[in-house]
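Chain by chain, the residues:
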Amino acid sequence: MLKAGSTVLSIWSGINFLLAALILTTLVVFKADSPLLVMVFEKSEIAALDARVIASLNTLTILYNSCSMMVSVLVWTVIRQGLLAGDKRAFWLLLGVIGFVEVMAFIASAHVGHARWQVNVVQSVLYLVGMGLSGFAMFMGDMK
């Protein structure tokens, strides 16, 4: 069950990494604007925005997604090096770090009408299932 939980958490990490990498690629390589713009505003509203507002949003999007990519790498490493080895500290670290990220994702999304709710729900379900399976295995004795 520990392996199953670790696999689910690795899927969380992979999805998080890939989404952030895709968004960063569109902004940095292809010079696109933050995808949040079209999720929140109509085309006419975007056209009326000051260029500095869009640049500010793009800056925050790049910063957030670069951090998100690196958190994903660190989480994946903790899963592979710690959780799979049965290290309870890795479990508590992942519970706190991913849990904090998931709670903040919902809080942040609330300010823009939950524009990313589909991603937030999928990621939260993966987190809960992965941590549940891993926790059960570590604390109830099924370390397989």
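Residues numbered from 1 in each chain as written. Predicted model: local features only at pLDDT ≥ 70, side-chain atom pairs only at ≥ 80, totals over all residues. Heavy atoms only, no water.

> Where do I start with the nonpolar core in this structure?
Nonpolar side chains in soluble globular proteins tend to be buried together. Residues L9, W12, V75, L83, L94, I98 and M131 are the most contacted members of the largest nonpolar core, which totals 16 residues. If you tally residues by element for this core, the top one is helix α6 (residues 117-140), at five residues. Beyond its immediate stretch of four places on either side in the chain, V75 contacts W12, S13, L94, V97 and I98. (Core = buried A, V, L, I, M, F, W, Y, C linked by side-chain atoms within 4.5 Å. Buried < 20%, exposed > 50% of the residue type's maximum accessible area, 1.4 Å probe, protein only. Helix = DSSP H or I, 4+ residues; strand = E, 2+ residues; numbered from the N terminus. Contact = heavy atoms within 4.5 Å.)

> For this particular structure, what's the right way to read α6?
Along an α-helix, residues three or four apart share an orientation, since each turn contains 3.6 residues. With 24 residues, α6 extends 33 Å from end C-alpha to end C-alpha; this agrees with the ideal 34 Å at 1.5 Å per step. For α6, every residue scored as buried is listed here: N120, Q123, S124, L126, Y127, G130, M131, S134, G135, A137 and M138. For α6, the elements touching its buried residues are α1 (2-29), α4 (51-83) and α5 (88-110). Two residues or fewer past α6, G141 is found with a positive phi of approximately 95°. (Expected span 1.5 Å × (residues − 1).)

> What should I look at first to understand the pattern of salt bridges in this one?
One side chain can pair with another of opposite charge once the charged atoms of both are near each other. Scanning the entire structure with this criterion turns up two salt bridges. R52 is the salt-bridge partner of D50, the closest N and O atoms lying 3.2 Å from each other. What makes R52 exposed here is its relative accessible area of 63%. (Salt bridge = Lys/Arg side-chain N within 4 Å of Asp/Glu carboxyl O.)

> Help me understand the side chain of N120 in this model?
Note that N120 resides in helix α6. Looking at N120, the relative accessible area reads 2%, which means it is buried. When sequence neighbours within four positions are dropped, the list of residues in contact with N120 reads E102, A105, F106 and S109.

> Mind showing me how you'd approach the packing of aromatic side chains here?
How two aromatic rings sit relative to each other is set out by the distance from centre to centre and by the angle between their planes. Inspection of the entire model under this criterion finds three aromatic pairs. A ring pair is formed by F91 and W92, whose centres lie 5.0 Å apart and whose planes are at 80°; its orientation type is edge-to-face. A centroid spacing of 5.6 Å and a plane angle of 50° characterise the contact between W92 and F139, whose relative ring orientation is tilted. Of this pair, W92 sits in helix α5 while F139 sits in helix α6, placing them 47 residues apart in sequence. Judged by relative accessible area, W92 falls into the exposed class, the value being 52%. The structure contains a cluster of three or more aromatic residues connected by ring pairs, namely F91, W92 and F139. (Phe/Tyr/Trp six-rings, centres within 6.5 Å; stacked < 30°, edge-to-face > 60°.)

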